[in-house]
Amino acid sequence: MYKAGKQEELFSELLAYKIGKALGIPLAKYCSAGTFIKSKDFTENAAVDFEPAISIIGDATSYVKIYDTLREIDDGIAEQYVKMCYFDGLIYNMDRHEYNFGILRDSDTGQVLSLSPLFDHNIALISRGYPVHVPNDILINDFTELLQHTGKSLSMKRITAQSYSKMVRDIPFEPPVTEVVSNPREFTAQYLFRRQSVIEDLNRGMLCLITPKEIETIR
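In this convention, every chain numbers its residues from 1, walking through the sequence in written order. With the structure being a predicted model, the display of local features is reserved for residues of pLDDT at least 70 and the display and counting of side-chain atom pairs for 80 or more, all residues being used for whole-chain, interface and lining totals. The side-chain numbers reported here are obtained from all heavy atoms of the structure, hydrogens and water having been left aside.

S.K.: Break down the pairing of strand β3 (residues 36-39) for me, citing the residues and quoting the values.
M.R.: Only one face of β3 is buried, namely the one carrying I37 and S39, since none of F36 and K38 on the opposite face is buried. By this definition, two strands are paired if DSSP reports at least two bridges between them. Helix and strand labels come from DSSP, where a helix needs a run of H or I of at least four residues and a strand needs a run of E of at least two; each type is numbered from the N terminus. Relative to β3, strand β2 (residues 30-33) is paired through four bridges, and the arrangement is antiparallel. Paired with A33 across the strands is F36, a residue of β3. Count of turn residues in the β2/β3 antiparallel hairpin: two residues, of which G34 carries a positive phi of about 70 degrees. Only protein chains enter the calculation, and the probe is 1.4 Å; a residue is then buried if its accessible area is under 20% of its type maximum, exposed if over 50%, and partly exposed in between.

So this is what it looks like as structure tokens:
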């Protein structure tokens, strides 16, 4: 599938993909294709079936209620959902509605396999302007409430400030310069690092961010 959009939307979509990959979160594959973004079919030509979340959670918007519903299906899928909510909080993704995530089922048996790869992140990050501050916004607060509700600690990879800076430099789309933001790429890298720090501070004792070197030591 090819996707068009404003430069800041394409920039945000592709950067979200790179961040998700760095975190080890399954995502639909995205890459640039000239002035478009190209996305690969994650059902492998209908080898598996994608079932939108609407059929499972209805129009529920509460992270806690959705988590509890998914736990009735499979604990592993519920845990994947928690990681998705962390990812959305990190990238300021306001568009995770009940049609743009779901589960994968075996095409022959209907067996639930996993949460589907994540997709559709063009309304995230700087796609709707440059946030000046990082408040404890609704996405961060909802994730914090969810993590407390699970009663389980969550380990995620820590992305360094240097890694964020490298990611934004590698995106081929050009977000606009404004009177307030003269270097959109570095602004975005710093904004992501600040969001990561806010989430970590609010969830001390529950959220463990592990650096790549620490991960290698654990392995």
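S.K.: Explain helix α7 (residues 184-202) residue by residue, including any values.
M.R.: Take the residue count of a helix, subtract one, and multiply by 1.5 Å to get its expected span. Here α7 spans 27 Å end to end across 19 residues, near enough to the 27 Å set by a 1.5 Å rise per residue. Residues of α7 that are buried: P184, R185, F187, T188, A189, Y191, L192, R195, Q196, V198, I199 and E200. The contact criterion used is simple: two residues touch if any of their non-hydrogen atoms lie within 4.5 Å. In this structure, the buried side of α7 is in contact with α1 (7-23), α4 (75-91), α5 (138-150), α6 (161-169) and β8 (207-210).

S.K.: Please set out the sheet that holds strand β4 (residues 48-52) residue by residue, giving values where relevant.
M.R.: Strands sit in the order β4-β5-β6 across an open sheet of three strands; the sheet is antiparallel. Pairing within the sheet leaves two strands with one partner each, and these edge strands are β4 and β6 (112-115). Strand-to-strand, the axes of this sheet are offset by a mean angle of 30 degrees, without reference to chain direction. As defined by bridge partners, β4 adjoins strand β5 (residues 102-106) across five bridges and the pair is classed as antiparallel. For P52, the partnering residue across the bridge sits in β5 and is G102. Axis lines are fitted through C-alpha atoms, for helices just across the contact stretch, and the angle between N-to-C directions can take any value from 0 to 180 degrees. Contacting β5 and β6, α4 crosses the sheet at an angle of about 15 degrees to β6.

Don't take any of this as a statement about function, it's just geometry.
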